[in-house]
Amino acid sequence: LSEWSENIKSKDKIKLNTSSVFTSKKIKTCTTYVNVYRTISQIIYEAKESMVSLSQILFCKKETSSNEIASFCRRSLLDPFKRLYFILSIDKLEYLQVMEMKNHLLKVIESKYDNLNFNLLIFNNAGTQMKNMFDNENFENINHALSQLSGMVKDEDFQNAFANLFKTNVIVLSEQAGMGK
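Attention in this report is confined to the structure presented alongside it. Along each chain, the written sequence defines residue order, and numbers are assigned to residues from 1. It should be noted that, the model being predicted, local features are given only for residues of pLDDT at least 70 and side-chain atom pairs only at 80 or more, the latter also being counted only at that level, while totals for whole chains, interfaces and linings use all residues. To obtain the side-chain values, all non-hydrogen atoms of the structure were used and water was disregarded.

### Focus: unusual backbone geometry
Point 1. Despite not being glycine, Lys-82 shows a phi value in the positive range, around 55°.
Point 2. Helix and strand definitions here come from DSSP, where helices need a minimum of 4 consecutive H or I residues and strands a minimum of 2 consecutive E residues; each element is numbered from the N-terminal end. Position of Lys-82 among the secondary structure elements: in the loop between helix H3 (66–77) and strand E3 (85–88).
Point 3. When its relative accessible area of 10% is taken as the criterion, Lys-82 is described as buried.
Point 4. In this structure, Asn-115 is a non-glycine residue whose phi angle is positive, near 60°. A simple rule labels every residue: compare its accessible area, found with a 1.4 Å probe on the protein chains alone, to the largest value its type can have, and call it buried under 20%, exposed over 50%, or partly exposed in between.

Have a look at this one:
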């Protein structure tokens, strides 16, 4: 019985990512222009993650509400599974919304919570107005690390790895809903 319990415990452990990008206990920012989707794919490949879900990415636009920003910030920092999170296109937000995002993040970091998830990358390709907005001891600019990662992980590497995920998908069309498809 004890051996069986230990086996269950070992399977239940949280898998930490192995990305060289997310090593410090700071929120990461990227202020240079990069191909965001290629960079995310390279990070996922290098971290040996299978894929990200849309709930791990905040696509900012003019219509993004304060509630969406606050809930995403809390969800990403309090994630017990330490998944990777990304915030894209903050240049589409108003200056006050970006300040609100920063304040939400700082509020969670300075709170009583233990074991925060710092696997959050903010792509801040905005103009000079917002470039320095995340200059703080809780944020880290990783432009250099991303350029190194780009040299280490080739496009073919992650394309081949993720192509296999989609090769195994089967689409079933039926006029009748359900039926255990």
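### Overview of the packing of H3 against helix H4 (residues 95–109)
Point 1. Angles shown run from 0 to 180 degrees and are taken between the N-to-C directions of axes, each axis being a line fitted to C-alpha atoms and, for helices, limited to the stretch in contact. Across the interface, H3 lies against H4 with an axial gap of 9 Å and an inter-helix angle of 30°. Between H3 and H4, the angle falls in the class roughly parallel. The chirality of how H3 crosses H4 is right-handed. Across the interface between the two elements, Ser-66, Ile-69, Ala-70, Cys-73, Arg-74 and Leu-77 from H3 touch Gln-97, Glu-100, Met-101, His-104, Leu-105, Val-108 and Ile-109 from H4.
Point 2. Looking at side-chain class alone, the contact of H3 with H4 contains eight nonpolar, three polar and two charged residues. When describing relative orientation, an angle under 35 degrees is termed roughly parallel and one over 145 degrees roughly antiparallel, while 65 to 115 degrees is termed roughly perpendicular and anything else oblique. If you view the pair so one helix is near and one far, a crossing is left-handed when the near helix is turned anticlockwise from the far one by less than a right angle, and right-handed when it is turned clockwise. Residue contacts are counted whenever heavy atoms from the two residues lie within 4.5 Å of one another. Residue type decides the class: Asp, Glu, Lys and Arg count as charged, Ala, Val, Leu, Ile, Met, Phe, Trp, Tyr, Cys and Pro as nonpolar, and the leftover types, Gly among them, as polar.

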